[in-house]
Amino acid sequence: MEIHPGVFVSNVLPDTWEPDPEVGGEMHVLCSDVGVEAGLSRFHGASGPVEWTLPARETLMILEGGAWIEIADGPTLELRAGDIASLPAGARTTWHLSLPFKQFWVIQR
(Lines give C-alpha, C1' and ligand atoms only; values in the text may rest on other atoms or scores of the structure.)
Protein backbone atom coordinates (compact mmCIF):
# COMPACT_ATOMS: atom_id res chain seq x y z
CA MET A 1 0.00 0.00 0.00
CA GLU A 2 1.35 3.41 -0.95
CA ILE A 3 0.97 5.51 2.21
CA HIS A 4 2.68 8.59 0.79
CA PRO A 5 3.98 9.31 -2.73
CA GLY A 6 6.74 6.74 -3.26
CA VAL A 7 6.44 5.22 0.24
CA PHE A 8 5.09 1.64 0.34
CA VAL A 9 4.27 -0.42 3.43
CA SER A 10 2.67 -3.83 3.56
CA ASN A 11 1.91 -6.82 5.76
CA VAL A 12 1.91 -10.42 4.59
CA LEU A 13 -1.29 -11.55 6.24
CA PRO A 14 -2.79 -14.67 4.61
CA ASP A 15 -5.43 -12.70 2.67
CA THR A 16 -2.83 -10.47 0.97
CA TRP A 17 -1.34 -13.29 -1.16
CA GLU A 18 -2.66 -13.92 -4.67
CA PRO A 19 -2.06 -16.60 -7.31
CA ASP A 20 0.94 -15.92 -9.56
CA PRO A 21 -0.32 -16.52 -13.12
CA GLU A 22 3.18 -16.44 -14.67
CA VAL A 23 4.99 -19.10 -12.64
CA GLY A 24 2.47 -20.65 -10.26
CA GLY A 25 2.63 -20.45 -6.51
CA GLU A 26 1.52 -17.27 -4.82
CA MET A 27 2.84 -13.72 -4.72
CA HIS A 28 2.51 -10.63 -2.58
CA VAL A 29 3.42 -7.39 -4.34
CA LEU A 30 4.81 -4.65 -2.11
CA CYS A 31 5.07 -2.03 -4.84
CA SER A 32 4.77 -1.68 -8.57
CA ASP A 33 6.02 1.69 -9.72
CA VAL A 34 7.74 3.12 -12.78
CA GLY A 35 10.89 1.08 -13.30
CA VAL A 36 10.62 -1.23 -10.31
CA GLU A 37 8.45 -3.95 -8.81
CA ALA A 38 9.10 -5.67 -5.47
CA GLY A 39 7.42 -8.39 -3.50
CA LEU A 40 7.41 -11.96 -2.24
CA SER A 41 6.77 -15.31 -3.91
CA ARG A 42 6.01 -18.60 -2.19
CA PHE A 43 5.34 -22.20 -3.12
CA HIS A 44 3.87 -24.78 -0.71
CA GLY A 45 2.65 -27.72 -2.75
CA ALA A 46 4.55 -30.17 -4.87
CA SER A 47 5.09 -28.96 -8.40
CA GLY A 48 7.53 -29.58 -11.20
CA PRO A 49 10.27 -27.25 -12.33
CA VAL A 50 9.28 -23.64 -12.96
CA GLU A 51 10.43 -22.17 -16.28
CA TRP A 52 10.64 -18.39 -16.54
CA THR A 53 12.32 -15.88 -18.80
CA LEU A 54 13.13 -12.74 -16.85
CA PRO A 55 11.49 -9.62 -18.32
CA ALA A 56 14.07 -7.41 -16.59
CA ARG A 57 16.90 -7.71 -14.05
CA GLU A 58 15.74 -9.60 -10.95
CA THR A 59 17.50 -9.43 -7.61
CA LEU A 60 16.29 -11.91 -5.02
CA MET A 61 16.85 -13.25 -1.54
CA ILE A 62 15.81 -16.75 -0.54
CA LEU A 63 13.89 -16.58 2.75
CA GLU A 64 12.79 -20.22 3.09
CA GLY A 65 13.66 -23.46 1.32
CA GLY A 66 16.04 -23.44 -1.59
CA ALA A 67 16.32 -23.29 -5.36
CA TRP A 68 18.50 -24.93 -7.97
CA ILE A 69 18.29 -22.48 -10.89
CA GLU A 70 19.48 -23.52 -14.34
CA ILE A 71 20.31 -20.53 -16.54
CA ALA A 72 20.27 -21.35 -20.26
CA ASP A 73 23.75 -20.79 -21.73
CA GLY A 74 24.98 -19.93 -18.24
CA PRO A 75 25.70 -21.35 -14.81
CA THR A 76 23.47 -23.35 -12.50
CA LEU A 77 22.92 -21.69 -9.13
CA GLU A 78 22.29 -23.56 -5.90
CA LEU A 79 20.67 -21.14 -3.47
CA ARG A 80 19.29 -21.65 0.03
CA ALA A 81 17.77 -19.48 2.73
CA GLY A 82 19.92 -16.40 3.25
CA ASP A 83 21.44 -16.40 -0.25
CA ILE A 84 21.10 -13.36 -2.53
CA ALA A 85 21.42 -13.38 -6.33
CA SER A 86 20.86 -11.01 -9.25
CA LEU A 87 19.95 -12.29 -12.72
CA PRO A 88 20.02 -10.34 -16.00
CA ALA A 89 17.06 -9.36 -18.14
CA GLY A 90 16.22 -12.00 -20.73
CA ALA A 91 17.77 -14.90 -18.80
CA ARG A 92 15.91 -18.14 -19.58
CA THR A 93 15.72 -20.01 -16.28
CA THR A 94 14.43 -23.29 -14.91
CA TRP A 95 13.85 -23.35 -11.16
CA HIS A 96 13.81 -26.55 -9.09
CA LEU A 97 12.45 -25.67 -5.67
CA SER A 98 12.94 -27.15 -2.22
CA LEU A 99 9.55 -26.70 -0.52
CA PRO A 100 8.23 -24.82 1.28
CA PHE A 101 9.89 -22.00 -0.66
CA LYS A 102 9.72 -18.23 -0.16
CA GLN A 103 11.72 -15.39 -1.72
CA PHE A 104 11.84 -11.61 -1.70
CA TRP A 105 12.41 -10.15 -5.17
CA VAL A 106 12.98 -6.84 -6.91
CA ILE A 107 12.50 -6.49 -10.67
CA GLN A 108 14.15 -3.43 -12.20
CA ARG A 109 12.41 -2.54 -15.45
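Structural data are supplied above this passage.
Residues numbered from 1 in each chain as written. Predicted model: local features only at pLDDT ≥ 70, side-chain atom pairs only at ≥ 80, totals over all residues. Heavy atoms only, no water.

Most often, soluble globular proteins keep nonpolar side chains buried together rather than apart. Ranked by size, the top nonpolar core spans 18 residues in total, and within it Leu60, Ile69, Leu79, Leu87, Trp95 and Phe101 carry the most contacts. Contributing elements (two or more residues each) for this core: strand E6 (50–53), strand E7 (57–71), strand E9 (84–87) and strand E10 (92–108). Of all the elements, E7 adds the most residues to this core, at 5 residues. Ignoring anything within four residues of it in the chain, the contact list for Leu60 reads Leu79, Asp83, Ile84, Ala85, Leu87, Trp95, Gln103, Phe104 and Trp105. (Core = buried A, V, L, I, M, F, W, Y, C linked by side-chain atoms within 4.5 Å. Buried < 20%, exposed > 50% of the residue type's maximum accessible area, 1.4 Å probe, protein only. Helix = DSSP H or I, 4+ residues; strand = E, 2+ residues; numbered from the N terminus. Contact = heavy atoms within 4.5 Å.)

Counted under the stated rule, the structure contains 1 aromatic pair. A centroid spacing of 6.4 Å and a plane angle of 55 degrees characterise the contact between Phe43 and Phe101, whose relative ring orientation is tilted. Taken together, the residues Phe43 in strand E5 (residues 36–43) and Phe101 in strand E10 connect sequence positions 58 residues apart. In this pair, the class of Phe43 matches that of Phe101, namely buried. In this arrangement the basic side chain of Arg42 is found over the ring face of Trp17, its NZ or CZ atom lying 3.9 Å from the centre. (Phe/Tyr/Trp six-rings, centres within 6.5 Å; stacked < 30°, edge-to-face > 60°. Lys NZ or Arg CZ within 6 Å of the ring centre and 35° of its normal.)

This paragraph deals with unusual backbone geometry. The linkage connecting Leu99 with the following residue, Pro100, adopts the cis geometry, with an omega of -10 degrees. In this fold, Pro100 is placed in strand E10. The backbone of Asp73 shows a phi angle near 60 degrees, a positive value even though the residue is not glycine. Of note, Asp73 is situated in the loop between E7 and strand E8 (76–80). Taking the relative accessible area as the measure of exposure, Asp73 reaches 80% and is therefore exposed.

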